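# Inside the fold
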Amino acid sequence: MARKTEQTDYVIPPPPQASLPIRGSTDRFPVRRVYCIGRNYAAHAVEMGHDPTKEPPFFFQKNPDNLLSEAEIFPFPSESRDVHHEIEMLVALSGGGRDLDPAQAQALIWGYGVALDMTRRDLQGAAKALGRPWEIGKAFEHSAPCSALAPASEIGHPDTGAIWLTVNGELRQSGDLAQMIWKTPEMIAILSRYFELRAGDVILTGTPAGVGPVAEGDVLEGHVAGVGSLRITIG
Ligand code: MN
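Residues numbered from 1 in each chain as written. Predicted model: local features only at pLDDT ≥ 70, side-chain atom pairs only at ≥ 80, totals over all residues. Heavy atoms only, no water.

### A look at the overall build of the chain
For the chain, the count of helices and strands is 6 helices and 18 strands. Expected size for 235 residues packed as a compact globule is a radius of gyration near 18 Å; at 18 Å, the chain falls within 12% of this value. Relative to its 235 residues, the chain shows a buried fraction of 49%. When contacts within the chain are restricted to residue pairs at least 6 apart in sequence, those whose partners lie at least 24 apart make up 76%. (Helix = DSSP H or I, 4+ residues; strand = E, 2+ residues; numbered from the N terminus. Rg over C-alpha atoms; globule rule 2.2 N^0.38 Å. Buried < 20%, exposed > 50% of the residue type's maximum accessible area, 1.4 Å probe, protein only. Contact = heavy atoms within 4.5 Å.)

### Some details on the side chain of Ser69
Relative to the elements of secondary structure, Ser69 occurs in strand S5 (residues 67-69). Overall, the relative accessible area of 18% leaves Ser69 in the buried class. The contacts of Ser69, once residues within four sequence positions are left out, are Ser19, Leu20, Pro21, Arg28 and Cys146.

### A look at the coordination of the manganese ion
Taken together, Glu86 (OE), Glu88 (OE) and Asp117 (OD) make up the full set of protein donors to the manganese ion, lying 2.0 to 2.1 Å away. We note that the donor set of the manganese ion lies within a single chain, spaced as E-x1-E-x28-D. For Glu86, a relative accessible area of 4% puts it in the buried group. Judged by its relative accessible area of 1%, Glu88 falls in the buried class. (Donors = N, O, S within 2.8 Å, 3.2 Å for Na, K, Ca; no water.)

### Overview of the side chain of Ser19
Relative to the elements of secondary structure, Ser19 occurs in strand S1 (residues 19-21). Side-chain polar atoms of Ser19 contact the side chain of Arg28, separated by 2.7 Å. Not counting the four nearest positions on each side in its chain, Ser19 is found in contact with Arg28, Phe29, Pro30, Val31 and Ser69. (Polar contact = N/O pair within 3.5 Å; in protein donor to acceptor, adjacent residues only side chain to side chain.)

### Observations regarding the nonpolar core
Counting 41 residues, the largest nonpolar core has Met118, Ile188 and Leu220 as its most contacted members. Formed by 18 residues, the second largest nonpolar core is a distinct cluster that contains Cys36, Leu90, Ala115 and Cys146. (Core = buried A, V, L, I, M, F, W, Y, C linked by side-chain atoms within 4.5 Å.)

### Overview of the sheet that holds strand S14 (residues 170-176)
Strand pairing in a sheet takes place through backbone hydrogen bonds and is either antiparallel or parallel in direction. Taken together, the 5 strands give an open sheet; going across it, the order is S6-S18-S17-S13-S14, and neighbouring strands pair in mixed fashion. The open sheet has two edge strands with one neighbour each: strand S6 (73-74) and S14. Where S6 meets strand S18 (residues 228-234), 2 bridges bridge the pair, whose relative direction is parallel. Following the sheet pairing, Phe74 is matched in S18 by Ile234. (Pairing = 2+ DSSP bridges.)

### Examining unusual backbone geometry
One non-glycine residue, Arg39, adopts positive backbone phi at about 45 degrees. Phi angles above zero are rare outside glycine, and Glu70 is one such case at about 55 degrees. Given a relative accessible area of 61%, Glu70 falls into the exposed group.

### Observations concerning the sheet that holds strand S7 (residues 83-85)
One open sheet accounts for 3 strands, arranged S10-S7-S16; its pairing is antiparallel. This sheet does not close on itself; its edge strands, each paired only once, are strand S10 (119-120) and strand S16 (212-213).

### Examining the pairing of S18
Where burial is concerned, the two faces of S18 differ: the one with Gly228, Leu230, Ile232 and Ile234 is buried and the one with Ser229, Arg231 and Thr233 is not. Relative to S18, strand S17 (residues 219-224) is paired through 6 bridges, and the arrangement is antiparallel. Paired with Glu221 across the strands is Arg231, a residue of S18.

### Section: the packing of aromatic side chains
Summed over all chains, the structure comprises 4 aromatic pairs. Between Tyr35 and Phe195 the ring centres are 5.1 Å apart and the planes differ by 45 degrees, which places this aromatic pair in the tilted class. Linking Tyr35 in strand S3 (residues 34-37) with Phe195 in the loop between helix H6 (184-194) and strand S15 (202-204), this pair joins segments that are 160 residues apart in sequence. A residue is classified by how much of its surface remains accessible, and Tyr35, at 1% relative accessible area, is buried. Relative to Trp134, the ring of Phe58 lies with its centre 5.5 Å away and its plane at 90 degrees, an arrangement referred to as edge-to-face. Taken together, the residues span a long stretch of sequence, with Phe58 in the loop between helix H1 (42-47) and strand S4 (59-62) and Trp134 in the loop between helix H3 (121-130) and helix H4 (135-138) at a distance of 76 residues. Aromatic ring contacts, followed pair by pair, group Phe58, Phe60 and Trp134 into a single cluster. One Lys or Arg, Lys62, reaches over the ring of Phe140 and ends 5.9 Å from the middle of that ring. (Phe/Tyr/Trp six-rings, centres within 6.5 Å; stacked < 30°, edge-to-face > 60°. Lys NZ or Arg CZ within 6 Å of the ring centre and 35° of its normal.)

Below, the structure written as structure tokens:
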């Protein structure tokens, strides 16, 4: 008689675990959730028509399987004529909790990456105007290209240094991590009041000014000082 196994039988094959590569390693970082903070650099808040006065941060989410790593091509998404780049630093958590303070939050950071919060700006704008959710503008396939992660055990916790993006060699976005309205440990602490954070959660920490549209064939190169670089071609 066949012995019953411990393994769960699923009615369809389970979806693959979303994950990110790690610099200098064949190991991977498994991703549970993808959070993003909005308007975290004053100059970008102004360019989007908002008051950059320090008010409570707001968050939205992308899907873990929206992450695009180790790919050279970002496929131009459907149903949009205005797709924007937003260069951001990504943080990856090795643990979680609720109601963390900033020091506890920093201790949970496993590493950092360079990511793009690709945005269907026309669909996001329509959603904003109608008071609808942002997913259609933010959480689409391949909407979060990301570099390999750099472990905090090697690079520390960058809170100052250049963050920039070029399109076809021309500088489009340029800022400094020091310009973040909500610093990385602060934003994680605030996020943990609303959601129970867990190991595998990643957070995109906001974009400096200079967001703009991309076109097929454009080459995007992003960099965060002390963290790494990301290069992608719009397909
Ligand atoms: Mn963003």
